[in-house]
Amino acid sequence: MTEFRDLRGDEEITAAGVVLLPLLDGDHFVAKAFHRCGADGCRRIQRKDNWRVGAFLPTGF
């Protein structure tokens, strides 16, 4: 099972908002509603209450 952590830092939160916006069906991006995979090199971000709403951060995050 993979551990997840809250999004950290302005750059990571901004990048998450950009990649998730198309998936939100007009809803606003709220950073605290999402978390990020904590495994080394993992770029997956997803909603805390619905893993199906997620995406991958760009390389470098």
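Preceding this section is the structure that the text describes.
These numbers were taken from a predicted model, which means no experiment stands behind them.

Student: Outline the packing of aromatic side chains, listing residues and values.
Tutor: Summed over all chains, the structure comprises one aromatic pair. One residue, Arg 44, lies across the ring of Phe 56, its end atom 5.5 Å from the ring centre. Across the ring face of Phe 34, the terminal group of Arg 47 is positioned such that the distance to the ring centre comes to 5.6 Å.

Student: So what about the side chain of Arg 44? Which residues, and what values?
Tutor: Secondary-structure assignment places Arg 44 in strand E3 (residues 44-47). This buried residue, Arg 44, is left without a salt bridge; Asp 49 holds the nearest opposite charge, at 11 Å. Here the side chain of Arg 44 touches Trp 51 through a polar contact of 2.8 Å, landing on its backbone oxygen. When sequence neighbours within four positions are dropped, the list of residues in contact with Arg 44 reads Phe 4, His 35, Arg 36, Cys 37, Trp 51, Gly 54, Ala 55 and Phe 56.

Student: Mind laying out the state of the cysteines, listing which residues take part and the relevant values?
Tutor: This model, assessed by the stated rule, comprises one disulfide. Two residues, Cys 37 and Cys 42, share a disulfide whose sulfurs are 2.5 Å apart. Because the sign of the S-S torsion sets the handedness, a value of about 115 degrees for the bond joining Cys 37 and Cys 42 places this disulfide among the right-handed ones. Residue Cys 37 shares its accessibility class with Cys 42, and that shared class is buried.

Student: Quick rundown of the pattern of salt bridges? Include the residues and the values.
Tutor: Tallied over the entire structure, the rule returns four salt bridges. A salt bridge links Arg 5 to Glu 12, with the nearest nitrogen and oxygen atoms 3.0 Å apart. Accessibility classification places Arg 5 together with Glu 12 in one group, the buried group. Note that Arg 47 and Asp 49 form a salt bridge whose closest N and O atoms lie 2.7 Å from each other. Residue Asp 49 is classed as exposed on the basis of its relative accessible area of 59%.

Student: Residues and numbers for the environment of Val 30, please.
Tutor: On the secondary structure map, Val 30 appears in the loop between helix H1 (10-20) and strand E2 (34-37). Taking C-alpha positions, Val 30 is 22 Å from Gly 60, a pair spaced 30 residues apart along the chain.

Reading the values: rules and limits
Residues numbered from 1 in each chain as written. Predicted model: local features only at pLDDT ≥ 70, side-chain atom pairs only at ≥ 80, totals over all residues. Heavy atoms only, no water. Phe/Tyr/Trp six-rings, centres within 6.5 Å; stacked < 30°, edge-to-face > 60°. Lys NZ or Arg CZ within 6 Å of the ring centre and 35° of its normal. Helix = DSSP H or I, 4+ residues; strand = E, 2+ residues; numbered from the N terminus. Buried < 20%, exposed > 50% of the residue type's maximum accessible area, 1.4 Å probe, protein only. Lys, Arg positive; Asp, Glu negative; His and termini not counted. Salt bridge = Lys/Arg side-chain N within 4 Å of Asp/Glu carboxyl O. Polar contact = N/O pair within 3.5 Å; in protein donor to acceptor, adjacent residues only side chain to side chain. Contact = heavy atoms within 4.5 Å. Disulfide = S-S within 2.5 Å.

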